[in-house]
Amino acid sequence: MLSIKDLHASIQGKEILRGLSLEVKAGEVHAIMGPNGSGKSTLASVLTGRDLFEVTHGEITFEGQDIGEWAPEDRARAGIFLGFQYPIEIPGVSMTNFMRTALNETRKAQNLEPLSSKEFLQRMREKKELVEIDSKLTNRSVNEGFSGGEKKRNEIFQMAMLEPKLAILDETDSGLDIDALRIVANGVNRLKTPENATIVITHYQRLLDYIIPDFVHVLYEGRIVMSAGKELALELEEKGYDWIKKQVDNPLITL
Amino acid sequence: MDMMVEIIDTREDLKKEFIQQRTILDQAIPGFGYQKREQAFAHFLKLGIPSTRVEEFKYTPLEPLFNKEYHRSYTFDPISFDKDLLFNCDVPNLETQVEFVVNSWYYHPEHRLQVLSNGIILGSLAEAAKQYPELFQKHYTKYANPASDGLIALNTAFAQDGFFLYLPKNTVMDQALQLINMMMSDRNLMTQQRNLIILEDNSEANLLVCEHTMSNHDFLSNSVTEVYAGKNARLHLTKMQNENNDSSQLAAVFIHQEADSQVSTNTISLHGGFIYNRFDVALQGRGAHNDTFGLYLTDRNQHISNRTLIDHAVPDATSNQTFKGVLDDDAHGSFTGKILVRKDAQRTAAYQSNNNILLTDRAKMNTKPMLEIFADDVKCSHGATIGQLDSDALFYLRSRGISQKEARLLLMYAFTYEVIAAIPVEGLRLRVEELVSKRLRGELSRCNDCTNGCR
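Computed from a prediction, not measured in an experiment: that's the story for all the values here. (Residues numbered from 1 in each chain as written. Chains lettered and ligands numbered in written order. Predicted model: local features only at pLDDT ≥ 70, side-chain atom pairs only at ≥ 80, totals over all residues. Heavy atoms only, no water.)

A.B. asks: For the sheet that holds strand E10 (residues 197-201) of chain A, give the residues involved together with the corresponding values.
C.D. replies: Residue and element names in this part refer to chain A. Spatially, E6-E9-E10-E3-E11-E12 is the arrangement adopted by the six strands of the open sheet, whose pairing is mixed. The open sheet has two edge strands, strand E6 (80-83) and strand E12 (223-228), and neither has a second partner. This sheet shows a mean twist of 20° between the axes of neighbouring strands, independent of strand direction. The pairing of strand E11 (residues 215-220) with E12 spans five bridges and is antiparallel. Bridging from a neighbouring strand, Leu219 pairs with Ile224 of E12. With respect to the sheet, helix H1 (residues 40-47) is in contact with strand E3 (29-33), E6, strand E9 (166-170), E10 and E11, its orientation differing from that of E9 by roughly 145°. (Pairing = 2+ DSSP bridges. Helix = DSSP H or I, 4+ residues; strand = E, 2+ residues; numbered from the N terminus. Axes fitted to C-alpha atoms, helices over the stretch in contact; angles between N-to-C directions. Contact = heavy atoms within 4.5 Å.)

Take a look at the structure:
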């Protein structure tokens, strides 16, 4: 589904991603972990087309198409979703209007008729239940005055509404208490199908108790330096990142 | 009848004009109006048209407007005007009583002044001055002082008519009143419209004023509106400014508020070449509250100035000013806003904000929020911002599949919403929402035909 080959990206001349490669297939859950500043959030931004970053080398293909030059909205319409680490508050834009516009613009790009009001509202209702989000939140302006947990839950709600093929969840666990974390993780698990894939970007292992990954990758200095199964997350939790850093920085030392 | 006489191009010519037309002017508003006219003209000769050297006009260059050539009409010929043919307004969900002022003259096919069953009087200012001289004298020129400003002096010297509204004590206008100010002429035209709105104690009215031009000539309207709100009176005024982009509109509104009165104004400026709005609010009674809101959406070479003064003269009054603008292309805007809290005005709460979005690097905004506080127990704040659309918010919307164009529109619309949301009449609010949304999309025509709900 997603194939990243030797990706280099920089911001204001500073190289953040330095030759990152990753393959994600339908039905898989990948966790990307790594110390602060390793490039995790940059990867999420670059995959979704944020123009703050410049891709200097490498390629990103999604379902066989090179999307490296695509606008953010075109990537979203192709089925890529980003759950933001810090969701943006947009006073004056109602959740309803936001979701209706997003859905209908996506449908238009797919040559589908816009949803009728009835169909749209029904979809809102179903998805609200699925991700256990309060109706009060969806009646307000986008994220305006939401608590940290509500914002994250709202990200999962939007994901449920848009039904992406690939969801990238950037530090979705940050700022969540354990109950909120469970609700968010439940939402993600319920939305999982054999046809879609998830990339969970996280600093801590905690979220991975609830969203079980098929693969765990360690990102360090803009490259994936280690990949393994879910047990790697537990090892990282126990030992921290230093042993990996040492190994990468001094590859001749055997541990 | 030839409705046009003389060409005015300079201030000197205004003087000649005044002397020549004196008889006809005095007939329009006789008696008390005569004295006021005389004094006002003397002030005008002293003050002239305010130049940009006057602090409040630093970013509002009026002189080029007055240096153009205009005709002036001293009589109104109603035969040439068929409102049904030209103007058919339908504001959905809003029952309004529609009144017309054409080229500063009140127009109604049957009467000059109406007295409704509950004693409400509405119609021509000149007629009201004749039929109700005491009422007229009590308020006329009391709130807009011709000695203070050349534009007020000019208006008071030349004004012949305009709109008059009187609500006796304890009366409520059940319907919103819609006043349509139209400019229509076969050549450039300058007008001096004068309005007087009087709300006695405990009365209530909703007034919608629409400004339109019906032909593509250069119009210069210099209007003055005086508003008196008695104790516990409530007035909401929404102004829709939608004139052709060769027209210039100078509109000053003076509001006097007694105790516990509530007056709110929302001025929505959509089209018009040069717009200068002035709001002067005197809070003269405890518990009075004023909201002065404005929204301007400008592009091309449009110029918009908003100027406010909220004068807290007594304790325990509150006020709130919110002005928001989106400026595109080469548009230029200015905001000069002042809160004055006098020495005895303790426990005043007064807020002011002016926020602007510039869509190009050629668009320009000058904003000057001012606070002058002489009391010590007050809550006041003011602030101004000039910026671009929030790039984080734009990316957020686009990451959900919304196109850049649509995302920008959503954000611009969201930016404007605070002002629109403050319009209390639902049907009107919905209509304004639609117009603003159309304006932001560039779908609102700038032409002569009515764009405020016309077919």
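A.B. asks: Can you explain the pairing of strand E8 (residues 176-183) of chain B? Please cite residues and give values.
C.D. replies: All names here are of chain B. Most of E8 sits inside the fold, with eight of its eight residues counted as buried. Judged by which residues are buried, E8 turns out to be covered on both faces: Ala176, Gln178, Ile180 and Met182 on one side and Leu177, Leu179, Asn181 and Met183 on the other are all buried. Inspection of the sheet shows strand E3 (residues 96-102) paired to E8 by seven bridges, in the parallel sense. Each bridged residue has a counterpart across the sheet, and for Val102 the counterpart in E8 is Met182. Inspection of the sheet shows E8 paired to strand E11 (residues 204-213) by seven bridges, in the parallel sense. Opposite Leu179, over in E11, you have Val209 as the bridge partner. (Buried < 20%, exposed > 50% of the residue type's maximum accessible area, 1.4 Å probe, protein only.)

A.B. asks: Describe the pattern of salt bridges, naming the residues involved and giving the relevant values.
C.D. replies: Inspection of every chain in the model, using the stated rule, returns 37 salt bridges over all chains. Between Glu235 of chain A and Lys239 of chain A there is a salt bridge; the shortest N-O distance is 3.1 Å. Taken together, the positions of Glu235 of chain A and Lys239 of chain A, both in helix H8 (residues 231-239) and four residues apart, correspond to about one turn of that helix. For Glu235 of chain A, a relative accessible area of 30% translates into the label partly exposed. Glu211 of chain B is the partner of Lys239 of chain B in a salt bridge, and the nearest nitrogen-oxygen pair spans 4.0 Å. Placement of Lys239 of chain B in strand E13 (residues 234-242) and of Glu211 of chain B in strand E11 is noted, with a sequence separation of 28 residues between them. On the basis of relative accessibility, which here comes to 5%, the residue Lys239 of chain B falls in the buried class. (Salt bridge = Lys/Arg side-chain N within 4 Å of Asp/Glu carboxyl O.)

A.B. asks: How would you explain the sheet that holds strand E4 (residues 105-107) of chain B if you had to name every residue and give the values?
C.D. replies: The strands that make up a sheet are held in pairs by hydrogen bonds between backbone atoms, and each pair lies either parallel or antiparallel. Residues and elements named next belong to chain B. Spatially, E4-E3-E8-E11-E13-E15-E17-E19-E21-E23 is the arrangement adopted by the ten strands of the open sheet, whose pairing is mixed. Two strands close off the open sheet at either side, each with one partner strand: E4 and strand E23 (378-387). The average angle at which neighbouring strand axes cross in this sheet is 15°, direction not considered. Of the pairings in the sheet, the one linking strand E15 (residues 262-271) to strand E17 (residues 289-298) comprises eight bridges and is parallel in character.

A.B. asks: Can you explain helix H8 (residues 150-158) of chain B? Please cite residues and give values.
C.D. replies: Residues and elements named next belong to chain B. Of all nine residues in H8, nine are buried, a share of seventy percent or more. Within the sequence span of H8, burial applies to Gly150, Leu151, Ile152, Ala153, Leu154, Asn155, Thr156, Ala157 and Phe158. For H8, the N-terminal capping position is held by Asp149, with its side-chain oxygen 2.9 Å away from the main-chain nitrogen of Leu151. (Polar contact = N/O pair within 3.5 Å; in protein donor to acceptor, adjacent residues only side chain to side chain.)

A.B. asks: Lay out the confidence of the model for chain B with the relevant residues and their values.
C.D. replies: All names here are of chain B. For chain B, per-residue confidence averages 89 on the pLDDT scale, and 91% of positions sit at 70 or higher. Segment residues 1-9: pLDDT under 50, and 39 contacts once partners within four positions in sequence are set aside and those in other chains are kept. Across residues 446-455 the pLDDT falls below 50, and counting only partners more than four positions away or on other chains, this stretch makes 32 contacts in the model. Confidence estimates for the predicted assembly give a pTM of 0.84 and an ipTM of 0.94. (pLDDT = per-residue confidence, 0-100.)

A.B. asks: Break down the packing of helix H3 (residues 95-109) of chain A against helix H6 (residues 148-162) of chain A for me, citing the residues and quoting the values.
C.D. replies: All names here are of chain A. At a minimum axis distance of 10 Å, the contact between H3 and H6 shows a crossing angle of 35°. The two elements H3 and H6 cross, and the hand of that crossing is right-handed. Residue-level inspection shows Met95, Phe98, Met99, Ala102 and Leu103 of H3 in contact with H6, the latter providing Asn154, Phe157, Gln158, Met161 and Leu162. Residues of the contact of H3 with H6, tallied by class, amount to eight nonpolar, two polar and no charged. (Left-handed = near helix turned anticlockwise from the far one by under 90°. Nonpolar A, V, L, I, M, F, W, Y, C, P; charged D, E, K, R; others polar.)

A.B. asks: With reference to specific residues and values, describe empty space enclosed by the protein.
C.D. replies: All names here are of chain B. A full pass over the atoms with the stated rule returns four cavities of 30 Å³ or more. Of the voids in this model, the largest cavity is the one considered here, and its volume is about 200 Å³. If you list the elements that add at least two residues to the lining of the largest cavity, you get E8, strand E10 (194-199), E11, strand E12 (219-229), E13 and strand E14 (248-257). Here the lining of the largest cavity is composed, by residue class, of eight nonpolar, nine polar and three charged. Looking at the second largest cavity, its volume works out to about 70 Å³. Looking at the second largest cavity, the residues that line it are Arg72, Ser73, Asn103, Ser104, Trp105, Phe158, Ala159, Gln160, Leu189, Met190, Thr191 and Gln192. Element by element, the count of residues in the lining of the second largest cavity is highest for strand E9 (residues 189-191), at three residues. Classifying every residue of the lining of the second largest cavity by side-chain character gives five nonpolar, six polar and one charged. (1 Å grid on protein atoms, 1.4 Å probe; cavity = no way out; pocket = protein on both sides within 12 Å on 5 of 7 lines; lining within 4 Å. Points joined across faces, edges and corners; volume = space filled by probe spheres on them.)

A.B. asks: How would you summarise the interface of chain A and chain B if you had to cite specific residues and measurements?
C.D. replies: Facing the 29 residues of chain A at the interface are 17 residues of chain B. A combined buried area of about 2000 Å² lies between chain A and chain B, and 64% of that area is made up of carbon and sulfur atoms. Three residues stand out in chain A for area buried against chain B, namely Arg50, Glu73 and Ile88 of chain A, and they jointly supply 26% of the buried area on that side. On the surface where chain A and chain B come into contact, there are three salt bridges. A salt bridge links Arg398 of chain B to Glu73 of chain A; the nearest nitrogen and oxygen atoms lie 2.6 Å apart. Where chain A meets chain B, there are eleven residue pairs in polar contact (both at pLDDT 80 or more). Elements represented by at least two residues in the side of chain A that touches chain B include exactly helix H2 (72-78), E6, strand E7 (90-94), H3 and H6 of chain A. Per-element accounting of the side of chain A that touches chain B gives the leading share, six residues, to H3 of chain A. Residues that form the side of chain A that touches chain B fall into these classes: 16 nonpolar, eight polar and five charged. (Buried area = accessible area lost by both parts, 1.4 Å probe.)

A.B. asks: Could you give an account of the packing of aromatic side chains, with specific residues and numbers?
C.D. replies: Two aromatic rings are characterised by how far apart their centres lie and by the angle between their planes. In this structure the tally under the stated criterion is 15 aromatic pairs over all chains. Relative to Phe44 of chain B, the ring of Phe41 of chain B has its centre 6.1 Å away and its plane inclined at 40°; by these criteria the two rings are tilted. Here Phe41 of chain B and its partner Phe44 of chain B are both found in helix H3 (residues 32-47), three residues apart, which amounts to about one turn of the helix. Accessibility classification places Phe41 of chain B together with Phe44 of chain B in one group, the buried group. Ring pairing ties together the aromatic residues Phe84 and Phe98 of chain A together with Phe395 and Tyr396 of chain B, which thus form one cluster. (Phe/Tyr/Trp six-rings, centres within 6.5 Å; stacked < 30°, edge-to-face > 60°.)

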